[in-house]
Each structure stands twice: as structure tokens, then as C-alpha cells.
Amino acid sequence: MTDNSPVTAPELTRRGMIATGAVGAAAAAIPAPVLATTARPDQARAVTTIPVSLKVNGRTTALELDPRVTLLDALREHLHLTGSKKGCDHGQCGACTVIVNGRRINSCLTLAALHDGDAITTIEGLGTPDKLHAMQAAFVKHDGYQCGYCTPGQICSAVSTLNEIKEGIPSHVTGDLTGKPALDATEMRERMSGNICRCGAYSNIIDAMKDVAGVDA
Amino acid sequence: MKAFTFDRATSPADAAKKAIATPGAKFIAGGTNLLDLMKLQIETPQHLIDVNRLGLDTIEPTTDGGLRVGALVRNTDLAADARVRRDYGVLSRALVSGASGQLRNKATTAGNLLQRTRCPYFYDTNQACNKRKPGSGCAAIGGFNRNLAILGTSDACIATHPSDMAVAMRLLDATVETVTPDGATRTIPIADFHLLPGSTPNVETALVPGEFITAVTLPKPIGGTHIYQKVRDRASYAFAVISVAAVVQPDGRGRFAFGGLAHKPWRVEAAERQTGAKAIAAAVLSGARTTSQNAFKVPLVERTLGAVLAEAKG
């Protein structure tokens, strides 16, 4: 499980540079008194943290969190699993998609506190650089991305989409509600509508999904 | 997000009691609408009560042949339930026409009924909105209102109810079961559950403070052909411009409920005695108040209803 270890004190990483740079810029740009007055009266109360235990990619971690912390922020900022991305932070883009107790959800639109004890799979838990998940390998093979920012969410969503079709969960394009939904591109496209790709890699993403599903249509 | 304290309910009655005991408390279940609004500081609860683990996530048959859907049943699970797909197809269709796969996995039955409008002026805290800030006015009237209501509106508000599921529930004459803070239970017919805006558009449902929804009950199946036709600006993951929920019987008679037209799912039972899309639509749309931007919804209702009736005929 070494691949899932939190990143500890990176010497020189892109993320480390960005974080340091942002703090530096904010400190330089905002005079100290402004920072002091931005706290609302009701935020002046001591923030009470609550214990939350998350089983992420097979490993259980006990956290003490401000109740406002979203599941996405818990994963990224507390567990340092930065594969899940913050795009819109409002459930519209799908970049934050993770799999909780077997179902894909928008991790930005839920609180970590609502998931005490839940089993969460992020992109880091699907596969590793040495042993890619079949969907990760198919995205590489079919060029299912350009900039890559939406890709972790796309892949978590794609894996879940194929499972949802197999489970017989209907979609808007399912013809016969009493039958099984078809394992085809029309069903996949409809079910992936909660994942936005600004680079427009959609057709290649569907190619990758069809490859994993073993279908031509 | 503004700071809040957090607690977990131990039972439905405990949830209702806790909600009334703590000022500024709100229930949180799926959270897909509430957290969106909290991030924008449109909702600013001081206390959240987690109601996710109260065992309200099952769908059980009722003694009179219907189904009792637990308040916490997720939209995906309700749409996928074999009994719902077989006997209440319009509900399954309405559910899967809404939101995205990720949101449907999280959003709950009760939460779907309680979701807030997507009126852009409700969402913009720089704009006047009587629903968000009572007495501040309505920037939507005279503003960008192409997608807003044409029926049951008031001078205070022209917002629409965004739910697809609620339209199907209205069509099926569902009943909302609740528990109140004093521990009493009651049932509210879906027709009476959502309110028209009147002079208090901030009051959206018949629920009293602290009242907690435990289930939504469907009466016994009524047969017929089930159709949910949603007209929207893109093919998937968009709110309705208008929608038509229908159950049409072999003799051509049917029930029709409409989304995207009003502050609540819209159904006019008297209109269902009419024959043909033109006559039914005319009866449904009686009293419509349109703007230059949303007047197109009037012919759109008639045409969509016509398409639904044609589809039902097969």
C-alpha cells in the first residue's frame, strides 16, 4: 500500500510550490488588520471539531474535523490524496467523483462528517502507476483526456457507470424499464453527463469505456 | 460556509425534537442541495442534524397494495426498485430524468421534495428575492425570467419548483408522512404539501417548524401507460423548461401533472375530463400569467402533451 501513503513534506513538488506561493501572496497582499476583521461574530466561537473515521482505499484513518469539511477537502487536505479534484465545488462538473460504499458521488457536495465509517475509493485506490485499473489503462490507450484535470473523476464515474448498467439501474435513455439496460454507448453517454471535460475528450472517453466493457456499439 | 454545530439524530422523533430545540437547526440527509446553498451563504444554518442513519432507507409494501418509500431512500434506489419500475414507471422515469448519476446516488426522497428553486435571482445574493430575503422584492419579475413560472405566481415571486420526482408524486397522489416535534405523526397529501408563493414565498411547504418527513407513500398501482416527457435546454443533466407526467389508460383517459410551470407540481384534475391535448392544455393553463420571455411555455405545454398522448396511443 506504499502507493497510497500520504505525501510527507514534499521537497519540491508542483503542489508544494503552489500552496507556498498562494500563502505568500495572500500574506503580502492583505494587511493584517483586514485578516483579523474577516471573522464573523459566530465564527469567533471556538470551532468544535468532531471525530470522523474514514476507510479510504482500504486504510482506516481517524480524523478530527471542523464539521464544515467536505469529503473532498478531507481527502485532499487532510489525507493528502490529491487525485480527486475540486472543479466547480457545486456538484456540476464531476471532477470530485469518488466511490462511497460502492456508489459514485460528488465528494464536494457532502460533509466528511456524514461518512463516518464509510468505505471510500478514490482514483489512488483504483490502481497504481505500476498496476493500472483496466479503466485507467483504457483512458491511456484511447487518449481519454487532454489536460487531465477531470480525469480522476471521469475514471471513477466510468467504473461506476459500467457497474450501474450491470446492476440493472435504469437511466433516462433506457427503453424498457422492466428489462435490463443495454451495455452500449448511448447508455454510457447519458450516465456520464455529470462529468464535464472542457478539453472535449468525450468521444475518446466513451471509446475507453466501450473497450473495458467489451462492446463495439 | 458559515460555522455550524453538528449532531446526529437517533430516531425520527429525536430529529424533530432536536430541530425545534436548537435555534437555526436544519436536517441534513444527502446534502446535495443544502450544501450547495450553504457554500453560497443562501442557507446559513447554525446547527445541522444528520438524519442519514435512522433506518428510513427501505421501500415496503403497504396493506392497501401501495408502497411506503422511506424518506432516506436514495433517488437511484427508488428509480431502480423493481416494483417502482413495474407499477409506477412514471416515477422511475421522472427520477432518472433529473440531476446526474452521482447526485441521484446521494439525493433522498424527502430531500428531493424539499429542494429549493433554481431561480437565478434566488441564487444571486446581490439581487432582490422575497424567497431568500422576505420583503426585498423580486428581481425576476421584469428580469431574466424565460424559465420561470406562469401559473400560481404572485407579485412577490415567480419561481418554479425544480423537482421532476415531485411531479410524478403529485400525479400518483402520494402522501407525505411526518413526525412533529411533540412526537405526533401526521400525513399530508402531496397536493397540499407544496405551497403557492402568495405574499410569503419563503414558506414553501406545509411542514411546521421541526417537522420531519419519515416516508412518502404511494397508493396502489393504477395501471395504464406511464410517461414522463421532460423538455430541457440540453439532452441530459438540466432542469426542466417544462415537463409532463402522464398515466394514460387504454380508453384514452388519463392523469397529467406538469413541472416547470409553477411554484409546485401542477395538476388540474378537472382538466383530465377534457379530451385531446388542446382542450386539456387550455384547462390546465387557465389563468396563466406570462412574460414576453416565458409565454412560449403555453404552446409548449400543448405540444408536449400532444406528443405524450400520441406516444401513449403507441
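Keep in mind that this is a model prediction, so the values were computed, not measured.

### Re the sheet that holds strand S5 (residues 119–121) of chain A
Residues and elements named next belong to chain A.
Okay, step 1: Spatially, five strands are ordered S2-S1-S5-S3-S4 in an open sheet, and the strand pairing comes out mixed. Across the chains shown, the open sheet's two edge strands, defined by having one partner strand only, are strand S2 (59–65) and strand S4 (103–106). Across the sheet, the mean angle from the axis of one strand to that of its neighbour is 40 degrees, orientation sign disregarded.
Okay, step 2: Direction of pairing for strand S3 (residues 97–100) relative to S4: antiparallel, over a ladder of four bridges. Among the inter-strand pairings, threonine 97 is bridged to a residue of S4, identified as asparagine 106.
Okay, step 3: Sitting on the sheet, helix H3 (residues 71–78) touches strand S1 (50–56) and S2, and the angle it makes with S2 is about 105 degrees.
Okay, step 4: On the sheet, helix H6 (residues 151–167) packs against S3 and S4 and is oriented at approximately 40 degrees with respect to S3.

### Points about the pairing of strand S6 (residues 175–179) of chain B
Residue and element names in this part refer to chain B.
Okay, step 1: Counting buried positions along S6 gives five out of five residues, so the element sits mostly inside the fold.
Okay, step 2: Residues Thr175, Glu177 and Val179 line one face of S6 and the alternating positions Val176 and Thr178 line the opposite face, and both faces are buried.
Okay, step 3: In this sheet, strand S7 (residues 185–189) lies alongside S6 in antiparallel orientation, the contact comprising five bridges. Directly across from valine 179, in S7, lies its bridge partner threonine 185.
Okay, step 4: Here S6 hands over to S7 after five residues, with glycine 183 in that stretch at a positive phi of 90 degrees.
Okay, step 5: As paired strands, S6 and strand S8 (residues 212–218) are joined by five bridges and run antiparallel to one another. Bridge pairing in S8 links threonine 175 to threonine 217.

### Some remarks on the sheet that holds strand S9 (residues 225–231) of chain B
Residue and element names in this part refer to chain B.
Okay, step 1: Read across the open sheet, the three strands follow the order S9-S10-S11; overall the sheet is antiparallel. Strands at the two margins of the open sheet, each flanked by one partner only, are S9 and strand S11 (254–259). Sheet twist, expressed as the mean angle between neighbouring strand axes with direction ignored, is 10 degrees.
Okay, step 2: Note that S9 and strand S10 (residues 242–248) share seven bridges and pair antiparallel. Residue isoleucine 227 lies in a different strand from S10, and its bridge partner there is alanine 246.
Okay, step 3: Contacts from helix H12 (residues 297–313) reach S9, S10 and S11 within the one sheet, and its direction differs from that of S10 by about 30 degrees.

### Thoughts on the environment of cysteine 108 of chain A
Residue and element names in this part refer to chain A.
Okay, step 1: Tracing the backbone through its elements, the reader meets cysteine 108 in the loop between S4 and S5.
Okay, step 2: When the C-alpha positions of cysteine 108 and threonine 48 are compared, they lie 21 Å apart, and in sequence the two are 60 residues distant.
Okay, step 3: In this structure cysteine 108 touches Thr70, Leu72, Lys86, Asp89, Gly91 and Cys96, once residues within four positions along its chain are discounted.

### A look at the domain arrangement of chain A
All names here are of chain A.
Okay, step 1: Split by domain assignment, chain A resolves into domain 1 (47–126) and domain 2 (134–213).
Okay, step 2: The C-alpha-based centres of domain 1 and domain 2 are spaced at 22 Å.
Okay, step 3: At the level of secondary structure, the elements contributing two or more residues to the side of domain 1 that touches domain 2 comprise S3, S4 and helix H4 (123–126).
Okay, step 4: For the side of domain 1 that touches domain 2, the leading source of residues is S3, giving three residues.
Okay, step 5: Split by residue class, the side of domain 1 that touches domain 2 holds seven nonpolar, five polar and three charged.

### Structural notes on the packing of helix H11 (residues 277–284) of chain B against H12 of chain B
Residues and elements named next belong to chain B.
Okay, step 1: H12 packs onto H11 with a crossing angle of 135 degrees between their chain directions and a minimal axis gap of 9 Å. When the axes of H11 and H12 are compared, the pair comes out oblique. Handedness of the H11/H12 crossing: right-handed. Residues Ala277, Lys278, Ile280, Ala281 and Val284 of H11 form the contact with H12, whose own contacting residues are Val301, Glu302, Leu305, Gly306 and Leu309.

### Things to note about the domain arrangement of chain B
Okay, step 1: Along its sequence, chain B is organised into domain 1 (5–52) and domain 2 (225–313).
Okay, step 2: The gap between the C-alpha centroids of domain 1 of chain B and domain 2 of chain B is 35 Å.

### Things to note about the packing of helix H5 (residues 134–141) of chain A against helix H8 (residues 202–213) of chain A
Two quantities define a packed helix pair, namely the angle between the axes and the distance from one axis to the other.
Residues and elements named next belong to chain A.
Okay, step 1: For the pair H5 and H8, interaxial distance at closest approach is 8 Å and the crossing angle is 135 degrees. Taken together, the axes of H5 and H8 are oblique relative to one another. Seen from above, H5 lies across H8 with right-handed handedness. On H8, the residues touching Ala134, Met135, Ala138, Phe139 and Lys141 of H5 are Ala208, Asp211 and Val212.

Rules of the game
Residues numbered from 1 in each chain as written. Chains lettered and ligands numbered in written order. Predicted model: local features only at pLDDT ≥ 70, side-chain atom pairs only at ≥ 80, totals over all residues. Pairing = 2+ DSSP bridges. Helix = DSSP H or I, 4+ residues; strand = E, 2+ residues; numbered from the N terminus. Axes fitted to C-alpha atoms, helices over the stretch in contact; angles between N-to-C directions. Contact = placed C-beta atoms within 7 Å. Buried ≥ 20, exposed ≤ 12 C-beta atoms within 10 Å, placed from the backbone. Domains from an automatic or database assignment. Nonpolar A, V, L, I, M, F, W, Y, C, P; charged D, E, K, R; others polar. Parallel < 35°, antiparallel > 145°, perpendicular 65-115°, else oblique. Left-handed = near helix turned anticlockwise from the far one by under 90°.

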